Amino acid sequence: MKKLTLVLITVFIGQLIWAQQSKTITLEDCYQNAFENYPNFKQTELNNSIYELNIKNTKTNYYPTLNLNGQISWQSDVTKINIPAAAGFTAPEISKDWYKINFDVQQIIYDGGVTSGQKQLESTEREISNQEVQIELYQLKEKVNHLFFNVVFLKKNIEVLDILTQNLVASIKDAESAFENGMVLKSEVDKIRVEMIQVEQQIVEKESDIVSIIGALNELTKLNIQSADDLETPELTIANYSFINNRPEYLMLVKHQEKVSAAKNLTSSKRLPKFLAFGQAGYGRPGYDMLNNNFKDYYMIGARLNWNIWDWNKVKNEKQIFDIQNEIIDTKKQSYNQSLRADLFQRIQNISKYDKLLETDEAILELQSSIVKTALSQFNNGTITSTTYLIELNKLSNAKLNLEAHKLQLTFAKYQYITAIGNL
């Protein structure tokens with residue numbers, strides 16, 4: 001019973017490992033893992049931490065400010081009151097050494113919207129920093145796209161070449177039989193063997209390229225991809241091709257405009273009145289009563305108004321500068337959209353091109369397959385040379401390669417399109 005249980009556990013673990021190893025990896029898996037392993041991906045979290053700390057500091061604008069001030073001084077002269085002695089009153093004599101220690105409190109009541117403006121500006125700064133990370137991640141997606149599709153494309157190439165190799169092996173057997181029957185020369189058989197060796201060389205080259213590209217993809221994703229068979233060929237359907245611009249570079253321009261707007265609003269707050277309450281408590285000599293030469297405690301509370309009623313048009317000029325900066329960004333956005341429209345037109349035409357090519361690929365493949373069958377029969381009967389047969393066989397191979405290539409190129413063109421508009 002124990003042995004049976006052990007066997008079942010072993011089988012279960014083996015199946016589990018096999019299932020994990022045989023799991024296909026999608027393009028989305030590569031994206032996600034590339035992001036998680038990209039060092040700058042953590043920068044977003046760091047940007048958010050900086051933002052939270054800056055907001056905490058900005059909120060302290062509404063907290064009371066507490067200051068403890070001390071002063072010891074000696075002065076060459078003090079206030080004197082000259083009263084004749086006959087008046088029966090002796091004027092106090094004030095000491096020239098003064099001592100003060102004060103505790104000052106100040107509380108903002110209304111700051112004209114400066115604090116809220118600073119918060120908004122901090123928010124736009126964070127969004128710009130995070131958008132810079134998004135631009136890098138988008139560029140990373142493009143790298144993953146090229147690597148992933150190159151591997152899948154090479155894999156399809158090898159599959160076609162494997163079929164060609166099988167055909168060549170069968171052709172060699174038929175040619176050897178024809179040679180033994182005196183139908184063809186030995187050199188004709190050797191030509192087919194040379195062709196097969198050359199195809200095997202192509203397979204070796206493409207397998208080596210796959211290993212190299214997978215190594216680069218593993219470096220970005222840390223997925224430990226073992227072979228091209230681990231990758232799932234992606235499919236994509238585009239519902240419509242209406243113009244839209246979600247590119248992170250374009251959205252960065254939008255974020256900069258938001259920053260300009262926030263800075264302009266903050267500048268406007270400079271002209272608004274500010275109200276604050278204040279208080280002071282202290283101990284020293286003299287206090288508020290300048291004629292009392294004794295150490296004494298004292299205090300004062302009150303309210304204060306600050307209003308810059310004329311700034312020589314400084315704020316007005318600053319707002320005009322922000323308006324000009326906004327117009328500059330608008331022109332950049334227009335230029336970006338113009339360039340993107342031109343690029344999208346080419347990409348849409350590429351998609352249409354591959355759609356049309358695929359319509360004819362199947363017909364070419366079917367016709368060429370029939371031609372190769374006829375050529376093989378003619379070669380075995382000695383009516384054509386191996387060179388003529390190999391030409392037709394290579395045409396068949398090329399037809400299969402073209403079909404597979406156009407399928408992948410169509411999918412890749414669609415991914416390139418959604419990458420260009422920022423919807424990837």
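Residues numbered from 1 in each chain as written. Predicted model: local features only at pLDDT ≥ 70, side-chain atom pairs only at ≥ 80, totals over all residues. Heavy atoms only, no water.

## Examining the packing of helix 4 (residues 114-180) against helix 5 (residues 186-221)
The geometry of a pair of packed helices is captured by two quantities: the angle between their axes and the separation between those axes.
Here is step 1: Interhelical geometry of helix 4 versus helix 5 gives an angle of 160 degrees and a closest axis separation of 8 Å. In terms of orientation, helix 4 lies roughly antiparallel with respect to helix 5. Along this stretch, helix 4 crosses helix 5, giving a crossing that reads as left-handed.
Here is step 2: Residue composition of the contact of helix 4 with helix 5, grouped by class: 25 nonpolar, 5 polar and 10 charged. (Axes fitted to C-alpha atoms, helices over the stretch in contact; angles between N-to-C directions. Helix = DSSP H or I, 4+ residues; strand = E, 2+ residues; numbered from the N terminus. Parallel < 35°, antiparallel > 145°, perpendicular 65-115°, else oblique. Left-handed = near helix turned anticlockwise from the far one by under 90°. Nonpolar A, V, L, I, M, F, W, Y, C, P; charged D, E, K, R; others polar.)

## Details of the environment of lysine 173
Here is step 1: With respect to the helices, strands and loops of the structure, lysine 173 is situated in helix 4.
Here is step 2: The sequence separation of lysine 173 and leucine 358 amounts to 185 residues, and the corresponding C-alpha distance is 34 Å.

## Here we look at helix 2 (residues 27-36)
Here is step 1: For helix 2, the set of buried residues is Leu27, Cys30, Tyr31, Ala34 and Phe35. Across the axial projection of helix 2, the buried residues extend over an arc of 130 degrees, all falling on one side.
Here is step 2: Each element contacted by the buried residues of helix 2 is listed here: helix 4, helix 5 and helix 8 (386-421). (Buried < 20%, exposed > 50% of the residue type's maximum accessible area, 1.4 Å probe, protein only. Arc of directions from axis to C-beta. Contact = heavy atoms within 4.5 Å.)

## Some remarks on a nonpolar patch on the surface
Here is step 1: On the surface, Ile109, Tyr110, Leu272, Phe275, Leu305, Trp307, Ile309, Trp310 and Trp312 cluster together into a nonpolar patch covering about 1,100 Å² of accessible area.
Here is step 2: Note on placement: phenylalanine 275 falls in strand 3 (residues 274-285).
Here is step 3: Looking at phenylalanine 275, the relative accessible area reads 38%, which means it is partly exposed. (Patch = residues over 30% accessible without salt bridge, like charges linked within 9 Å, V, L, I, M, F, W, Y side chains within 5 Å. Areas by Shrake-Rupley, 256 points an atom, 1.4 Å probe, with all protein chains shown as cover. Salt bridge = Lys/Arg side-chain N within 4 Å of Asp/Glu carboxyl O.)

## What about the packing of aromatic side chains?
Here is step 1: Counted according to the given criterion, the structure contains 10 aromatic pairs.
Here is step 2: On the basis of an interplanar angle of 15 degrees and a centroid distance of 5.8 Å, the ring pair of phenylalanine 379 and tyrosine 389 is categorised as stacked. Of the two residues, phenylalanine 379 is situated in helix 7 (residues 314-380) and tyrosine 389 in helix 8; the sequence distance between them amounts to 10 residues.
Here is step 3: A relative accessible area of 1% means that tyrosine 389 is categorised as buried.
Here is step 4: Lying over the aromatic face of phenylalanine 278, arginine 304 brings its terminal NZ or CZ to 4.2 Å of the ring centre.
Here is step 5: Between arginine 341 and the ring centre of phenylalanine 243, over which it is positioned, the NZ or CZ distance is 4.1 Å. (Phe/Tyr/Trp six-rings, centres within 6.5 Å; stacked < 30°, edge-to-face > 60°. Lys NZ or Arg CZ within 6 Å of the ring centre and 35° of its normal.)

## Some details on the side chain of histidine 406
Here is step 1: Here histidine 406 lies in helix 8.
Here is step 2: In contact with histidine 406, other than residues within four places in its own chain, are Tyr354, Leu357, Leu358 and Asp361.

## Focus on the nonpolar core
Nonpolar side chains in soluble globular proteins generally cluster together in the buried interior.
Here is step 1: Formed by 63 residues in total, the largest nonpolar core has its most connected members in Leu168, Leu217, Leu231, Tyr389 and Leu393.
Here is step 2: Taken together, the elements giving at least two residues each to this core come down to helix 2, helix 4, helix 5, helix 7 and helix 8.
Here is step 3: No other element matches helix 4, which puts 18 residues into this core.
Here is step 4: Excluding anything up to four places from it in sequence, leucine 168 contacts Ile192, Glu195, Met196, Val199, Leu390 and Leu393.
Here is step 5: Of all hydrophobic cores here, the second largest spans 5 residues; its members include Leu253, Val260, Phe322 and Ile329. (Core = buried A, V, L, I, M, F, W, Y, C linked by side-chain atoms within 4.5 Å.)

## Examining the confidence of the model for the chain
Here is step 1: Across the chain, pLDDT averages 89, with 93% of residues at or above 70.
Here is step 2: Low confidence marks residues 1-21, where pLDDT is under 50. Its contacts with residues over four positions away, or in another chain, come to 1 contact. (pLDDT = per-residue confidence, 0-100.)

## Examining the packing of helix 4 against helix 7
Here is step 1: Contact pair helix 4 / helix 7: the axes reach a minimum separation of 9 Å and the direction vectors enclose 25 degrees. Here helix 7 runs roughly parallel to helix 4, going by the angle between their axes. On helix 7, the residues touching Ser171, Asp174, Ala175 and Ala178 of helix 4 are Leu376, Phe379 and Asn380.
Here is step 2: The class makeup of the residues in the contact of helix 4 with helix 7 is 4 nonpolar, 2 polar and 1 charged.

## Quick notes on unusual backbone geometry
Here is step 1: Between arginine 285 and proline 286 the backbone carries a cis peptide bond, its omega angle lying at -5 degrees.
Here is step 2: Looking at where proline 286 falls in the secondary structure, it is placed in the loop between strand 3 and strand 4 (296-306).
Here is step 3: Here the phi dihedral of lysine 222 falls at roughly 60 degrees; this positive angle occurs in a residue that is not glycine.
Here is step 4: Turning to its location among the elements, lysine 222 is positioned in the loop between helix 5 and helix 6 (248-269).
Here is step 5: Owing to a relative accessible area of 47%, lysine 222 belongs among the partly exposed residues under this scheme.
Here is step 6: One non-glycine residue, tryptophan 312, adopts positive backbone phi at about 60 degrees.
Here is step 7: Tracing the backbone shows tryptophan 312 in the loop between strand 4 and helix 7.

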